[in-house]
Structure formats: C-alpha cells, structure tokens
Amino acid sequence: MKRSLLFILVIIVVITVALFVGKSYTKGGKGGSSVIASVLKPQDDGPANGTVAPDFTLKTLDGKDVSLSSMRGKAVMVNFWATWCEPCKIEMPWLVDLQEKYRKDGFEILGVAMDDSGQKEIADFAHKMKVNYTVVIGSEKVADLYGGLDGLPTNFFLDRNGKVIDSFKGLRSESVIVDDIKKALASETKNASLTR
Amino acid sequence: MKKKFAMVIVLLAAAVVANVFAAAQDQSLSPAKRQFVTAAPVSTVYARSGHPGPVTFTFHIQPGYHINSNKPLMPELIPTQLKFSLPGSDMAIGRVTYPDGQLMSFAFDPSQKLSVYSGDFNVKAMVVAPPSATTGLYTVHADLKYQACDNNACYPPKTVPLAFDVKIGSAAKSGKSARPTASSPHIHN
C-alpha cells in the first residue's frame, strides 16, 4: 500500500514539474507584451557581434551589382526591410536623415528589400519614401546568411572592418540607431588598403 | 488491480509530459517557422445546380499578432485572401465575403490607422454547381494567404492550407435539397 502511494506521489511530482517546465519554456510565445519581448531580443540567429558580416552581392534598383565587402572602410548599417512592413516604413525617414547627417563621416546604409514584388514596385516605393541610400533586392540565400530574417525590420551595424557591432529585429527608437551608428563610426580601419 | 492502476497513471503522465513538451517546442519555434493563423475544420458543403451551398471558414489569429484585412488601406500592404483549388469543372466558387477590417493603430505608429483582423474572423463563400455537374463527393483545397505583424515587427507572407468536402446533388430532383439522407456517411449535423 505504502509503495503504491509513493508511486502515485512520484507521478504527481513528475506531472507538476513537466507543467512548470513547459510553462517556463513557452514564456515569451504568448500574449502581446511577451511577443514584444521576444521581438526586441538581439538578432541572435545571424552573424554574432564581433564576427565579420557574411558578404553578398545583390542587384540595386537600377540593375547594378553591389557587394557588401565593397563598403569596407565605412561604417555600414544593413537594413532588411519590405514594402509590406509598416514598422520598416516608420524608420525609413529616420534612415534618410541619418544617411544625410553621417555620410560625410563615412557612414553608408544598405537597404535590402525582402519583397516578392517586382523591382519596379520596390523602386516606386523607395522613390515615394525619398530614400537617399543604396537599396538592393534581397534573396533567400542572403536571408539564410543573416539568420533567416524571421521578422522585419532587421538591422545589422558593421564597423569599418565589416564586423558586426550590433543587430536587432523589430522597430527601435531612433536614438538606439544613432548610438549604433556612432559606435560603428568610432571604429578604426585595421587594414588601410581596405579603405576606399 | 494495483498494477493496472499504476500502469494507467504512468501512461497518463507520459501523455501529459509529451503534450507539454510538444507545445513548448512549437512555441519556441522562430516566428518565421510558426503559423500565426489556424483554420477551423469545415463541415461538408451541399450544393446542386440552382442551389449554391454556403460555406463559412473560421480562422484564429494567435494572440499578440494581427494580419491585414482583405482591403488594407495602403496598396503596398498584402491583403488577406482565400484562394481555391477546385477539383474540376463540376463546381465553382461564387462570391467570397470577407469581414470588414478593424481600424486600429499600433505602437509603431499611433497616428496611422490600419485595417486589420485579430482574434477570430470568418470568411464566407458560395459553392456553385453548374447544370452539367456530376453528382458526388469532392474535396476542395484552399489556401489563406496572409501577412502578420505584431507591435514591433512584420513577418513574411504565409499561407494556411485547408480542405473541405463538397457534396454535389442531382439537379433533376426539383425542389429537393442536395443534402443526403440520414444513411449517408457525409452527414455532419
């Protein structure tokens, strides 16, 4: 009798622990605020901070090839966006202003459009948003290199040596972007020959 | 007796543990790999020539997310749309009716209203059978295309596949419903 009771007690404990672990495990997947928390975490599936951002070559809106590595020597913000992404649209005017403000210091934004829509639609949208930085048309391959890009916008900030200094997905305040740009600009080029 | 009881308890515990971990694993998937919308099962639709069969599709959007309505307010936004794949020329889909979107603004731009669905929503359609339709039971496949966002980010467009049965009745039986008799295995009411 005692053994049976002990056995049942063990089973109850196992179920309780399983429910507790499950609940802790799912925390962040449900509810509005926890969704935000999960979105605001760093882009942890892509290239890590301190590593060189994977190179890619993509077509600009007027059909020219642009490589990320060709921007070495500059502080670069790689901004993954799409025309259907409302939060991306919010930060675009900020990016236009920041490109204008920091261009002379050696800062470049590379917008990577992750749309399925055609080049013309993307170009029309970029024109409407008065985009003054280079926009290229993204691909699945590049998305995979950068952690799958499961949410937009996703931004990577690269120092003058092409190393990631910060990244995040989801909309953040303009001041956060400015801080990352300043950090990227403060970096020194290790190999002078890479400077354009 | 005690052994059987203990065995039942063990199996029950194993089932609970398996379910909890399966649910946890689904929740831990990145948003790109997760569905934000699920479709409820659809009952068999009955239609015959001159008597279209109404069908209602019920969808559930995960808490914390919203999707564009069928008529978003901006042309670049991707509308929610149900696309059908018919099994042949024995039926057609008539008017598809989407609910009006809720006009909402979100934390990323409180000044901008968007037309969205959140929570549960229904899409209604009519299944139409032409006079030449062959009677029988057909399976129709459909895809709900949507694009979800939360308060800070948007996720790539996705589709929810669904399927439902359509029973095409004989047009010759004037005044009679295409609904089969109680002996039919396809009755769902």
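Here's a quick rundown of the structure. On a predicted model such as this, the values are computed, not experimentally measured, just so you know. (Residues numbered from 1 in each chain as written. Chains lettered and ligands numbered in written order. Predicted model: local features only at pLDDT ≥ 70, side-chain atom pairs only at ≥ 80, totals over all residues. Heavy atoms only, no water.)

**Describing the pattern of salt bridges**
Enumeration over the complete set of coordinates arrives at nine salt bridges over all chains. A salt bridge links A:K59 to A:D65, with the shortest nitrogen-to-oxygen separation between them at 2.9 Å. What makes A:D65 exposed here is its relative accessible area of 51%. In this structure, the salt-bridge partner of A:K128 is B:E76, at a minimum N-O distance of 3.7 Å. (Salt bridge = Lys/Arg side-chain N within 4 Å of Asp/Glu carboxyl O. Buried < 20%, exposed > 50% of the residue type's maximum accessible area, 1.4 Å probe, protein only.)

**Concerning helix α3 (residues 86-102) of chain A**
Helix length check: α3(A), at 17 residues, gives a terminal C-alpha distance of 25 Å against a target of 24 Å (1.5 Å per residue), a fit within 8%. Along its length, α3(A) shows its largest kink, about 30 degrees, at A:M92, and proline A:P93 lies within four residues downstream of that point. Taken across its 17 residues, α3(A) has twelve buried, putting it largely inside the fold. Of the residues making up α3(A), those classed as buried are A:E86, A:P87, A:C88, A:K89, A:I90, A:E91, A:M92, A:L95, A:V96, A:L98, A:Q99 and A:Y102. Against β3 (75-81), β4 (107-113), α4 (119-128), β6 (154-158) and α6 (174-186) of chain A together with β8 (109-117) of chain B lie the buried residues of α3(A). (Helix = DSSP H or I, 4+ residues; strand = E, 2+ residues; numbered from the N terminus. Expected span 1.5 Å × (residues − 1). Bend = angle between axes of the 7 residues up to and from the residue. Contact = heavy atoms within 4.5 Å.)

**Notes on the pairing of strand β12 (residues 158-168) of chain B**
Residues and elements named next belong to chain B. Only one face of β12 is buried, namely the one carrying K158, V160, L162, F164, V166 and I168, since none of T159, P161, A163, D165 and K167 on the opposite face is buried. Two strands pair when backbone bridges link them, and strand β2 (residues 45-47) and β12 are joined in this way by three bridges, in the parallel orientation. Along β12, the bridge assignment pairs A47 with I168. (Pairing = 2+ DSSP bridges.)

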